[in-house]
Amino acid sequence: MSKCPIMTTAAGIPIADNQNSLTAGPRGPVLMTDHQLMERMAHFNRERVPERVVHAKGAGAYGTFTVTADISKYTCAKLFSKVGNKCEVFLRFSTVAGELGSADTARDPRGFACKFYTEEGNWDLVGNNTPVFFVRDPLKFQDFIHSQKRHPQTGLRDNTMQWDFWSLSPESLHQVTILFSDRGIPATYRNMNGYSSHTYSVWNEKGERFWVKWHLKTMQGIKCLTNAESAKIAGEDLDYHRRDLFNAIEKGDHPKWKVQLQIMPEKDAETYHIHPFDLTKVWPHKDYPPVDVGILELNRNPENYFAEVEQAAFEPSNMPPGFGASPDKMLQARILSYADTHRYRIGINYAALPVNKPRCPVNTYHRDGHMRFDGNYGGQVNYQPNSFNGPVDDKKFREPPLKISGDADRYDHRKGNEDYSQAGDLYRLMNADQKSQLIDNIVQAMKSVPRDIQERQIKHFTAADPDYGARVAKGLGL
Ligand code: NDP
């Protein structure tokens, strides 16, 4: 005990007694002058920051990304300037719909958010363990999430709300098929793939742009849980996936992912038969074969869960030179939404927190704001241009121009888009056991849903593949 440091207040004042409140007499009431007690209570009352509306429950770890292939003809990103380049990463996995205390093994997509601390700033690849998403227009996102969360009256998760929304939003069918497939519940975070899902871009020194999709393929192999296995685990250990990741890294069993890229020349987008910026679609591998570009390894646990995992703030808008966005509407909305939610959740200076802080110099003209905990740029002038050697912009980092055309309007995103073929392709590539699991999982989830919603949804399954529709209908006794 003699080696323990002296306990202090937040102001560094030594504390004489942390066991007994200051009272008027041994049986009397507590005195207001007990600042130490007031400070402890007040701080405790404010310990929680708002939990994320989605992706609340997660686990994270640090690691290393190593470049294994020369893709400098596609991107001028310094990270990819040569084979063997390395950078530190922080990766946060999560479930989507559950709250902070929810079970890790729920059937739900998993977040797969990577922050690469590159020498030209943070590159955040904020993906999921699925290559597509439920909606393709961001105006539908809030309603989609409401339908997956709790019923306004009962406060319960509600199958009727979920299937009502999905059956009225056929663009969800592809992702619904993945969610209810065997891959809908990963065995561990280490045994699942990650995908950028969105189409992004990369650009090279000549100013040529390529559309890309990022894939992170688990080198531990895909392993999944059945409904029965996941329910049993949830009853015994709500934090099963978080525990597995921490323990694996702690004992030196460092999980790895092969990072791959599908690359489409900019011009191809105009004629490719699949809408390349539709988040409900993949690019079939035979059209754009994935190319290996690196290895991501997780090898260090955080020291403090709140400081590093809870305060981690990922932004799809973090794209250093050589990386770019795409016209994907959902990505465009996320570019606003992520930074916006961090400003609300952890405050305007969130980017300066240690887990979010770039490992390269940061020179902005942002000043002040709640919890400005660094030096706030001291006496440097806070406007630009200036005559005092303040930071300046440099045209060499300019992204090539992107041609945009068309009249501003609210275009029906369902027109000219079909929602069924890729869901059908996935169904047809499943083996007999995977098909049976898919049908059983769907039937279990749909059996309590009103008949008209069941019938509406079965039409979608049938349009993807008649056998798919017939088997769900049979399972539901229709
Ligand atoms: P391919 O046969 O070339 O690829 C099929 C892909 O499906 C593989 O990446 C495979 O992953 C993955 N897969 C297998 N079972 C499941 C499952 N239960 N849930 C989710 N993914 C699974 O075919 P295509 O590229 O033409 O795609 C056919 C269908 O495969 C698509 O409609 C899509 O549903 C799905 N898919 C396609 C991806 C793509 O980027 N093209 C990515 C992921 C899925 P693995 O190699 O790990 O076994």
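For the structure, check the block above.
To start, this report covers the structure provided alongside it. (Residues numbered from 1 in each chain as written. Predicted model: local features only at pLDDT ≥ 70, side-chain atom pairs only at ≥ 80, totals over all residues. Heavy atoms only, no water.)

If you tally the helices and strands in the protein, you get 13 helices and 10 strands. Compactness check: the protein gives a C-alpha radius of gyration of 25 Å against a globular reference of 23 Å for 478 residues, within 12% of the reference. Based on the C-alpha atoms only, the size of the protein along its principal axes is roughly 80 × 65 × 50 Å. The proportion of buried residues among the 478 residues of the protein is 48%. A separation of at least 24 residues holds for 71% of the contacts in the protein among residues at least 6 apart in sequence. Looking at the protein as shown, the accessible area adds up to about 24,800 Å², and 55% of this sits on carbon and sulfur atoms. (Helix = DSSP H or I, 4+ residues; strand = E, 2+ residues; numbered from the N terminus. Rg over C-alpha atoms; globule rule 2.2 N^0.38 Å. Buried < 20%, exposed > 50% of the residue type's maximum accessible area, 1.4 Å probe, protein only. Contact = heavy atoms within 4.5 Å. Areas by Shrake-Rupley, 256 points an atom, 1.4 Å probe, with all protein chains shown as cover.)

A few words now on the site of the ligand. As a matter of local geometry, the ligand sits amid 18 residues, with His-174, Arg-183, Trp-283, His-285 and Gln-422 nearest to it. Arg-183 has a polar side-chain atom sitting 2.9 Å from an oxygen atom of the ligand. Between the ligand and the protein, one listed contact pairs an oxygen atom with a backbone N or O atom of His-285 at 2.8 Å. If the ligand stood free it would expose 790 Å²; the protein chains cover 77% of that surface. When contributions to the shell around the ligand are tallied by element, the ones reaching two or more residues are strand 7 (209–218) and helix 10 (421–429). Residue classes in the shell around the ligand are distributed as 7 nonpolar, 7 polar and 4 charged. (Near = heavy atom within 4 Å. Polar contact = N/O pair within 3.5 Å; in protein donor to acceptor, adjacent residues only side chain to side chain. Nonpolar A, V, L, I, M, F, W, Y, C, P; charged D, E, K, R; others polar.)

With that settled, consider unusual backbone geometry. Residues Gln-384 and Pro-385 are joined by a peptide bond in cis, for which omega reads 5°. Position of Pro-385 relative to the elements: it lies in the loop between helix 9 (329–345) and helix 10. Positive phi outside glycine occurs at His-55, with the angle close to 60°. Considering the arrangement of structural elements, one finds His-55 in the loop between helix 1 (35–45) and strand 1 (58–67). Notably, Ser-197 is not glycine yet its phi reads approximately 60°, a positive angle. In this fold, Ser-197 is placed in the loop between strand 5 (194–195) and strand 6 (200–203).

A separate point is the packing of aromatic side chains. The full count for this structure, using the stated rule, is 31 aromatic pairs. Between the aromatic rings of Trp-163 and Phe-180, the centroid separation amounts to 5.2 Å while the plane-to-plane angle is 35°, which identifies the pairing as tilted. Taken together, the positions of Trp-163 in helix 3 (residues 159–167) and Phe-180 in the loop between helix 4 (173–179) and strand 5 put the pair 17 residues apart, joining distant regions of the chain. Per residue, the accessibility class of Trp-163 equals that of Phe-180, and both read buried. Here the aromatic residues Phe-133, Phe-134, Phe-141, Phe-144, Trp-163, Phe-165, Trp-166, Phe-180, Tyr-427, Phe-461 and Tyr-468 are joined through ring pairs into a cluster of three or more. Note that Arg-300 overlies the ring of Tyr-62, its terminal NZ or CZ placed 4.1 Å from the centroid. Sitting above the plane of the Tyr-427 ring, Lys-435 keeps its charged end 4.9 Å from the centroid. (Phe/Tyr/Trp six-rings, centres within 6.5 Å; stacked < 30°, edge-to-face > 60°. Lys NZ or Arg CZ within 6 Å of the ring centre and 35° of its normal.)

So, to be careful, I would describe these as geometric facts and stop short of saying anything about function.
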